[in-house]
Amino acid sequence: MSNLLRSDFYRLFKSKSFYICTAVVLFFSALTIFMLDWASNLASGEGNAMDATLFYKDGITYGMTAFASGNLQMILAIVTAIFVTAEFAHGTMKNVVSKGFSKIQIYLSKLITMIAATYMIILATLIVGTICATIVTGTLGDFTGEYVSLLLKTAGIELLLNAALTAVFVLVAMFIRNLGGVIAFNIIGIMSIGQLLFTILEYIVRSKIKFSEFSLTYNISFYLGNTADTGDYLRSILVGLIFLIVCTALGIFTFIKSDVK
């Protein structure tokens, strides 16, 4: 397992697409807050009351949006698709399997590597976003004990949820194995239609069951601008764990039963 992880992390850090995609996310993270500041200054010049700080009061508040950024999730879908499908396209996956490595270990190695890549991109985006927003708002944030506790709880929940989302992306990549198909399904199917399915289920039962609250995308975005209570944290933990465990189990089962060519 350790040899597989070393090999996968070596491939990840040698991958140009990983650095390019990360740079794209960082660029848009910085651009967004500066564009908000530009728009607020423009509106103020025309006599309209608008201030960028109405959207984000300090640097860390904006930096925390990295966990639920739509741009970042799209990039994660692309990075996962490129990394996983490359081995099938180049035939190296067959070589790994022929060396006697367990398919369970191979799958888990890919999943762990992609979760690590997800966390690295999120961390980089959080840092860059916080720095840029601090420049715009003029303040990093008021780090009281209660606020720091809230940040840590939110970060922990978001890391679990994003790991679960990565598990979904890896499952799709291991099942479809075609780069274009995986990217299309991840972006259109998972990120767009996926949330709609939960909403449709909720409509069918006439909102007697809040199905939409149990989707990954809902829980990932919930902690931006909402005051969470214990029930929200428990729901998000359960959603994250269920998606992570079920998608990993399905992925391993599918990979074991499939032929690697």
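Here is a short report on the structure shown in this document.

Criteria and cut-off values
- Residues numbered from 1 in each chain as written.
- Predicted model: local features only at pLDDT ≥ 70, side-chain atom pairs only at ≥ 80, totals over all residues.
- Heavy atoms only, no water.
- Helix = DSSP H or I, 4+ residues; strand = E, 2+ residues; numbered from the N terminus.
- Rg over C-alpha atoms; globule rule 2.2 N^0.38 Å.
- Buried < 20%, exposed > 50% of the residue type's maximum accessible area, 1.4 Å probe, protein only.
- Contact = heavy atoms within 4.5 Å.
- Areas by Shrake-Rupley, 256 points an atom, 1.4 Å probe, with all protein chains shown as cover.
- Core = buried A, V, L, I, M, F, W, Y, C linked by side-chain atoms within 4.5 Å.
- Salt bridge = Lys/Arg side-chain N within 4 Å of Asp/Glu carboxyl O.
- Expected span 1.5 Å × (residues − 1).
- Polar contact = N/O pair within 3.5 Å; in protein donor to acceptor, adjacent residues only side chain to side chain.
- Phe/Tyr/Trp six-rings, centres within 6.5 Å; stacked < 30°, edge-to-face > 60°.
- Lys NZ or Arg CZ within 6 Å of the ring centre and 35° of its normal.

1. Re the overall build of the protein
For step 1, the next point in the chain: When helices and strands are tallied, the protein shows 10 helices and zero strands.
For step 2, the next point in the chain: The order of helices and strands in the protein, counted from the N terminus, is α-α-α-α-α-α-α-α-α-α.
For step 3, the next point in the chain: Computed over C-alpha atoms, the radius of gyration of the protein comes to 20 Å, within 12% of the 18 Å expected from 2.2 N^0.38 for 261 residues, which places it in the range of a compact globule.
For step 4, the next point in the chain: In terms of overall dimensions, the protein has C-alpha extents of about 70 × 45 × 35 Å along its principal axes.
For step 5, the next point in the chain: Each of the 261 residues in the protein was classed as buried or not, and the buried ones make up 44%.
For step 6, the next point in the chain: Within the protein, counting contacts between residues at least 6 apart in sequence, those at least 24 apart form 78% of the total.
For step 7, the next point in the chain: Split by element, the accessible area of the protein, about 13,400 Å² in all, is 68% carbon and sulfur.

2. Quick look at the nonpolar core
For step 1, the next point in the chain: Among the nonpolar cores identified, the biggest contains 62 residues, and M174 and F255 are the most heavily contacted of them.
For step 2, the next point in the chain: Sort the elements by how many residues they give to this core and helix α7 (residues 145–176) lands first, with 17 residues.
For step 3, the next point in the chain: Once residues within four sequence positions are removed from consideration, F255 is found in contact with F88, M93, V97, K103, I106, Y107, M174, R177 and V260.

3. Let's talk about the side chain of D58
For step 1, the next point in the chain: Its location among the elements puts D58 in the loop between α2 (16–45) and α3 (59–63).
For step 2, the next point in the chain: Its relative accessible area of 5% is what places D58 among the buried residues.
For step 3, the next point in the chain: If sequence neighbours within four positions are ignored, D58 has contacts with A133, T137, T139, L140, G141, D142 and Y147.

4. Re the pattern of salt bridges
For step 1, the next point in the chain: Throughout the structure, instances matching the rule amount to five salt bridges.
For step 2, the next point in the chain: We note a salt bridge from K110 to E87, for which the minimum N-O separation is 2.8 Å. Here E87 lies in helix α4 (residues 70–90) and K110 lies in helix α6 (residues 103–137), a separation of 23 residues in the sequence.
For step 3, the next point in the chain: Relative accessible area serves as the criterion here: at 4%, E87 is assigned to the buried category.
For step 4, the next point in the chain: Residues joined in a network through salt bridges with shared partners are D8, R11, E87 and K110.

5. Focus on α6
For step 1, the next point in the chain: Taking 1.5 Å as the rise per residue, α6 with 35 residues should run 51 Å; its terminal C-alpha atoms sit 50 Å apart, in good agreement.
For step 2, the next point in the chain: The N-capping residue of α6, defined by a side-chain oxygen 3.1 Å from the backbone nitrogen of I104, is S102.

6. Considerations on the environment of L26
For step 1, the next point in the chain: Along the chain, L26 falls in helix α2.
For step 2, the next point in the chain: As a C-alpha pair, L26 and I188 span 162 residues in sequence and 23 Å in three-dimensional space.

7. Overview of unusual backbone geometry
For step 1, the next point in the chain: Positive phi outside glycine occurs at R177, with the angle close to 70°.
For step 2, the next point in the chain: With respect to the helices and strands, the residue R177 is situated in the loop between α7 and α8 (179–204).

8. Notes on the environment of V97
For step 1, the next point in the chain: Locating V97 in the fold gives a position in helix α5 (residues 92–98).
For step 2, the next point in the chain: Residues within four places of V97 in sequence aside, it is in contact with K103, I106, F255 and V260.

9. Focus on the environment of R177
For step 1, the next point in the chain: Separated by 93 residues in the primary sequence, R177 and V84 have C-alpha atoms spaced 7.6 Å apart.
For step 2, the next point in the chain: If near-sequence neighbours (up to four positions away) are discounted, R177 is found in contact with T85, F88, V172, V182, F255, S258, D259 and V260.
For step 3, the next point in the chain: Among the polar contacts listed, one links the side chain of R177 to the side chain of S258, at a separation of 2.5 Å.

10. Quick look at the packing of aromatic side chains
For step 1, the next point in the chain: Inspection of every chain in the model, using the stated rule, returns seven aromatic pairs.
For step 2, the next point in the chain: Ring geometry for F222 versus Y223: centroids 5.2 Å apart, planes at 90°, classification edge-to-face. Comparing F222 with Y223, the two get one shared label, buried.
For step 3, the next point in the chain: One aromatic cluster is present, built from ring pairs that chain together Y218, F222, Y223 and Y233.
For step 4, the next point in the chain: Over the face of the ring belonging to F255 we find K103, whose NZ or CZ atom lies 5.3 Å from the ring centre.

11. Overview of the side chain of D8
For step 1, the next point in the chain: Considering the arrangement of structural elements, one finds D8 in helix α1 (residues 2–14).
For step 2, the next point in the chain: With relative accessibility at 2%, the residue D8 sits in the buried group.
For step 3, the next point in the chain: In contact with D8, other than residues within four places in its own chain, are F83, E87, S109, K110 and T113.

Limitation: the analysis is restricted to geometry and does not speak to function.
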